Amino acid sequence: MSNSWQSKVRSDFPILSTKVYNRPLVYFDNAATTQKPKQVIQAITDYYEKENCNIHRGVHYLSVKATEAYEDTRSVIRDFIHARHSHEIIFTRGTTESINLVADSFGKKFLSEGDEVIISVMEHHSNFVPWQQMCLERKATLRFIPLLEDGSLDIPGFCELITEKTRLVALTHISNVLGTINPVKEIIAVAHQHGIPVLIDGAQAVAHSAVDVQELDADFYCFSGHKMYAPMGIGVLYGKEHWLEELPPYQMGGEMIRDVYFTHTTFNELPFKFEAGTPNVEGAMGLHAAIRYLREIGMDRIEACEQELLDYATRHLLGIGGLKIFGTAPHKASLISFLLDTIHPYDAGMIIDKMGVAVRTGHHCAMPLMEYLKIPGTIRASFAFYNTKEEVDRLVEAVEKAKEMLL
Ligand code: PLP
């Protein structure tokens, strides 16, 4: 990546010029949330300065304009993930709400006693707890795809889990702890041979490489705006039309109804059936701007840039004696989870932070995975295209310092 391109990109993100503890901030917590470019921040300001209004229910100028902008975002998202129809795009608060929506609606309609749902041991709590709780409620059984040594999914192990009782597979596209990029297309194909639908948690995927839900043949695909340079509080559930038609509504209230009588209610058509209440219009405006921004850079360029950083950081971190990386699968996204000898991740994280480097420490909302790996947590550095090799050098220096002080 050229220096001039990188400085131009970095100048789009005001927060990247912040100083912490008197040192330039190095932000390596991108898997938790990405920073926002000024184009996104400006889009939100513009919305409030020029177009703010509640949508869908008004005939006046502002309401029509805000509605058009909101619906326009829906079709931009459709295009971004290559969905067939705009009404297959449901706005939610984020990945967590998208998965809860499916777990609740699908669970109530299609899960009964003795049925089985398959997830993997590497799932984020967002794609774990909703299924666990729904299975408990319906007296169904949750099954777990095991992992290989390098943090890849055990595919033969997955095939063995499929039975005539399996009702759904829910799987992360990319692990937020191990970085593993799962072969979701192949897994979906296997599940479909048995007539089983598949939900993909795309929270860690959409910002890092191009996603084509039709090519994957995913039945449901979920993601969050804030992990792809857009604001918090907006996200997406993609669902194939026939599934969304079949599922009952998730929340009740305004907008999701067609007619309400004293005795009963009829529901709105897609996508509104799943969008009860006033939506996050400013979030949609920000998400639209973020997608425009990502497209201007190009998903291929983003992927190449992040892979270069991943290779560089992996090589340099492995040069530190006693450092162990968790997740060494051949196809990995741009994040590294590691431990330093016997040092507790929180202790190391505190020192790394004092050196101006933001990394995340702990279980990363994947407690079952920590139990599986028999570790208390990890230190995780996650990279975005705006990060540099010089910043990786700062991380290596900080990790060396933590080792020197704590061992
Ligand atoms: N799934 C994965 C793989 C994640 O990494 C995260 C967040 O870290 C989530 C789901 C939940 O995303 P959100 O908190 O935006 O709903």
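Residues numbered from 1 in each chain as written. Predicted model: local features only at pLDDT ≥ 70, side-chain atom pairs only at ≥ 80, totals over all residues. Heavy atoms only, no water.

(A) Fine view of unusual backbone geometry. For the bond from L270 to P271, the omega torsion is 0 degrees, close enough to zero to count as cis. Mapped onto the elements of the fold, P271 is located in the loop between β12 (265-267) and α10 (281-297). Of note, the phi angle at N22 is positive, near 70 degrees, even though the residue is not glycine. Within the secondary structure layout, N22 lies in the loop between β1 (19-20) and β2 (23-24). Its relative accessible area of 72% is what places N22 among the exposed residues. In this model, H82 sits at a positive phi of 60 degrees, which is unusual for a non-glycine residue. Following the sequence through the fold, H82 ends up in the loop between α3 (61-80) and β4 (89-92). What makes H82 partly exposed here is its relative accessible area of 37%. (Helix = DSSP H or I, 4+ residues; strand = E, 2+ residues; numbered from the N terminus. Buried < 20%, exposed > 50% of the residue type's maximum accessible area, 1.4 Å probe, protein only.)

(B) Highlighting the nonpolar core. Counting residues in hydrophobic clusters, the biggest one holds 82 residues, and the most contacted among them are I81, Y221, M228, Y229, F385 and Y386. Counting contributing residues per domain, this core is built from domain 1 (3-30 + 299-406) and domain 2 (42-295), each supplying no fewer than three. The residues contacting Y221, other than those within four sequence positions of it, are H173, I200, G202, A205, V206, V211, V213, L216, V236, L237 and Y238. Counting 29 residues, the second largest nonpolar core, distinct from the first, contains L309, L310, A313 and A398. (Core = buried A, V, L, I, M, F, W, Y, C linked by side-chain atoms within 4.5 Å. Domains from an automatic or database assignment. Contact = heavy atoms within 4.5 Å.)

(C) Structural detail: helix α11 (residues 299-318). Between its first and last C-alpha atoms α11 spans 28 Å; for 20 residues at 1.5 Å apiece the expected length is 28 Å, and the two agree. Among all positions of α11, only M299, I302, C305, E306, L309, L310, Y312, A313 and L317 are buried. Elements that come into contact with the buried residues of α11 comprise α1 (3-11), α3, α10, β13 (323-326), β14 (335-340) and α14 (389-406). (Expected span 1.5 Å × (residues − 1).)

(D) Spotlight on the site of the ligand. In the region of the ligand, the neighbouring residues are T95, T96, H124, S126, T172, N176, D201, A203, Q204, S224, H226 and K227. In this structure, a nitrogen atom belonging to the ligand sits 2.5 Å away from a side-chain N or O atom of D201. Measuring from an oxygen atom of the ligand, one finds a side-chain N or O atom of S224 at 2.7 Å. Partitioning the shell around the ligand into residue classes produces 1 nonpolar, 9 polar and 2 charged. (Near = heavy atom within 4 Å. Polar contact = N/O pair within 3.5 Å; in protein donor to acceptor, adjacent residues only side chain to side chain. Nonpolar A, V, L, I, M, F, W, Y, C, P; charged D, E, K, R; others polar.)

(E) Local environment of the domain arrangement of the chain. Looking at the assigned domains, one finds that the chain contains domain 1 (3-30 + 299-406) and domain 2 (42-295). Distance from the C-alpha centre of domain 1 to the C-alpha centre of domain 2: 28 Å. If you look at the interface, domain 1 gives 33 residues, while domain 2 gives 27 residues. Taking both partners together, domain 1 and domain 2 bury about 2,500 Å²; carbon and sulfur atoms supply 63% of that area. Area buried by domain 1 at its contact with domain 2 is led by M299, L369 and Y372, which between them contribute 25% of it. Where domain 1 touches domain 2, the interface holds 0 salt bridges. Secondary structure elements with two or more residues in the side of domain 1 that touches domain 2: α11, β14 and α13 (367-373). The greatest single-element share of the side of domain 1 that touches domain 2, amounting to 6 residues, is contributed by α13. (Buried area = accessible area lost by both parts, 1.4 Å probe. Salt bridge = Lys/Arg side-chain N within 4 Å of Asp/Glu carboxyl O.)

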